[in-house]
Structures are given as C-alpha cells and as structure tokens.
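Overview (structure and organization)
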Amino acid sequence: MMNIAIIGTGNVGGALARGLAKAGHRIRLGVRELATFKGASLLEASPDITAHGVREAAQASEVIILATPAQVAHEVARSLGDVSGKVILDAMNGVFARPEGFEHTTAAILANCNTADVVKCFNTTGYENMLDPKYGDQAADMFVAGDSTRGKEIAGQLAHALGFGEVWDFGGLDKVTLLEQLALSWINLAIMQKHGRGIAFKVLRR
Ligand SMILES: NC(=O)c1ccc[n+]([C@@H]2O[C@H](COP(=O)([O-])OP(=O)(O)OC[C@H]3O[C@@H](n4cnc5c(N)ncnc54)[C@H](OP(=O)(O)O)[C@@H]3O)[C@@H](O)[C@H]2O)c1
C-alpha cells in the first residue's frame with residue numbers, strides 16, 4: 001500500500017484515484033477549494049480517498065501525481081512544500097500550452113521542487129483507458145520517461161496495478177518531449193482523425 005497524493009482531480013486525476021484506490025492504495029486528493037473542486041464525487045467512490053489542501057496531501061504521501069493543466073505545473077510544484085525523498089509522477093501534457101519558460105512540465109517540476117525523483121507517466125493515453133486499460137484479453141501498454149530509476153519503478157508498479165500491460169521505459173529526461181509527442185499522436189488519432197477515444201497503444205514484440 002502506498003500513500004499517494006493526486007493534485008488535479010479532473011478526468012485524469014479522478015481516473016487514477018479510482019483505479020489506485022481499488023488496487024488498495026491510500027489516496028489523498030490535493031485540492032484548491034474543498035467546497036467546489038472537480039471530482040468531489042470521488043469521495044463517495046472509496047473510503048480510501050479523502051480530500052485535503054494541496055500541501056497537506058503532498059506532505060502525507062510518499063508518491064505525488066500531478067494532473068493539472070500543464071501551464072501551472074511550476075506553480076503547483078512550488079505549492080507542494082518540502083518533497084525531499086518523495087516521488088513525483090507527471091501525467092500532464094504541454095503539447096498545446098507549456099509552462100512558461102520550460103520545455104515541458106517535467107522540467108518545470110524539477111526546477112520548482114526539491115526532489116530529483118520526477119518522471120513522466122500516464123500522459124500518453126486518454127483517461128478512459130486509465131479507468132479501464134483492458135481490451136478483451138489484451139491490455140494497453142504504458143510508457144514512462146525521466147532520469148529517476150526509483151520514479152520509474154513506482155510508475156511501473158502503479159501502471160500494473162491499474163491493469164496496464166507492459167510498461168515501456170522511453171529513456172531519460174531527454175525523451176520526455178518524445179513522450180509528449182506520443183500523447184499528441186494518440187490525440188491526433190482519437191480526436192483529430194476521429195477514430196474515437198476507445199483506442200490505445202500496444203507494442204508488439206517478436
Ligand atoms: N483528459 C485526458 O484524457 C488526458 C490524458 C492524458 C494527460 N492529460 C493531461 O492531464 C492534465 C489534466 O487533464 P484533465 O483532462 O484531467 O483536466 P481537468 O479535468 O480539467 O482537471 C484539471 C484539474 O486541475 C486542477 N487545477 C487546475 N489548476 C490548479 C492549480 N493551480 N492547483 C491545483 N489544482 C489545479 C483543477 O482543479 P479544480 O477542481 O479546482 O478546478 C482540476 O481538478 C492535463 O495536463 C492534460 O494535458 C489529459
């Protein structure tokens with residue numbers, strides 16, 4: 001069981017909260033307004049999901065998932081407080097709007113908090129696939145990138161707990177942009193080319 005904070009409790013944060021609570025993890029939602037936050041219904045989904053201020057949720061957890069709009073990644077990272085020893089998983093995509101002054105959200109997080117254990121994961125597919133990665137007897141794959149081995153191990157464990165198939169290591173921080181391009185490729189197929197959101201990537205291996 002891991003103590004996991006989720007900041008950004010909309011489509012993605014909500015799907016991850018539901019799935020990870022179901023898998024036995026303790027989820028603390030970190031929200032701006034306890035009375036009005038998106039995803040308040042998550043509290044009824046499981047007794048293992050509770051809502052707190054952003055800093056309080058982060059401080060009580062060893063793993064922090066960020067799933068807010070990309071433009072505020074640097075501000076959100078700063079608002080977590082002391083995160084030394086903690087792992088941060090970045091599920092955001094800056095393909096349409098990046099945090100100002102940064103190449104991507106992962107760099108914005110690294111520059112604005114005191115942990116080097118930051119990796120990009122859960123950004124490459126639609127939130128519906130995070131709620132249910134199974135396609136018949138197959139499971140969608142997940143992808144992770146960044147310079148933290150520990151971060152990648154935890155991301156992999158959580159992806160498997162959600163039901164994803166293989167978790168592919170895309171490489172270091174220099175591959176985060178490529179991972180965002182993979183997300184854009186999914187968006188292109190699902191939305192722009194109108195194939196629908198019920199599609200997911202899987203790598204074949206001989
Ligand atoms: N939608 C997808 O299928 C998908 C898939 C992969 C990755 N992503 C990425 O995941 C991120 C979230 O997408 P989404 O569709 O889940 O968005 P969403 O449903 O609009 O939810 C955004 C959440 O972020 C919170 N938020 C916004 N600004 C904040 C701040 N300054 N501090 C703390 N929380 C803040 C909002 O809080 P309130 O409740 O207070 O409004 C809301 O809970 C984006 O970066 C997106 O690119 C999305």
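Anything mentioned here points back to the structure above.
This section reports on the structure supplied with the text.

Focus on the site of the ligand
- Surveying the vicinity of the ligand reveals 24 residues, the closest of which are T9, V12, K38, T68 and Y127.
- One of the backbone N or O atoms of N11 is found 3.0 Å from an oxygen atom in the ligand.
- Between the ligand and T68 there is a distance of 2.9 Å, counted from an oxygen atom to a backbone nitrogen or oxygen.
- Relative to its free-state accessible area of 910 Å², the ligand is covered by the protein chains to the extent of 78%.
- When atoms are counted within 2 Å of each cavity's grid points, the one that captures over half of the ligand is the largest pocket.
- Every element with two or more residues in the shell around the ligand is listed here: α1 (11-22) and α6 (127-131).
- Class assignment for the residues of the shell around the ligand results in twelve nonpolar, nine polar and three charged.

Brief notes about the sheet that holds strand β3 (residues 49-53)
- Strand order in the open sheet made by the eight strands is β3-β2-β1-β4-β5-β6-β9-β10, with mixed pairing throughout. In this open sheet, the two edge strands, each paired with only one partner strand, are β3 and β10 (167-171). Strand-to-strand, the axes of this sheet are offset by a mean angle of 25°, without reference to chain direction.
- Relative to β10, strand β9 (residues 142-146) runs parallel, the two being bridged by four bridges. Residue pairing across strands places A145 opposite G171, the latter belonging to β10.
- Packing of helix α8 (residues 176-192) onto the sheet brings it into contact with β6 (118-121), β9 and β10, and relative to β9 it is tilted by some 155°.

Cut-offs and rules
Residues numbered from 1 in each chain as written. Predicted model: local features only at pLDDT ≥ 70, side-chain atom pairs only at ≥ 80, totals over all residues. Heavy atoms only, no water. Near = heavy atom within 4 Å. Polar contact = N/O pair within 3.5 Å; in protein donor to acceptor, adjacent residues only side chain to side chain. Areas by Shrake-Rupley, 256 points an atom, 1.4 Å probe, with all protein chains shown as cover. 1 Å grid on protein atoms, 1.4 Å probe; cavity = no way out; pocket = protein on both sides within 12 Å on 5 of 7 lines; lining within 4 Å. Sits in = over half its atoms within 2 Å of the grid points. Helix = DSSP H or I, 4+ residues; strand = E, 2+ residues; numbered from the N terminus. Nonpolar A, V, L, I, M, F, W, Y, C, P; charged D, E, K, R; others polar. Pairing = 2+ DSSP bridges. Axes fitted to C-alpha atoms, helices over the stretch in contact; angles between N-to-C directions. Contact = heavy atoms within 4.5 Å.

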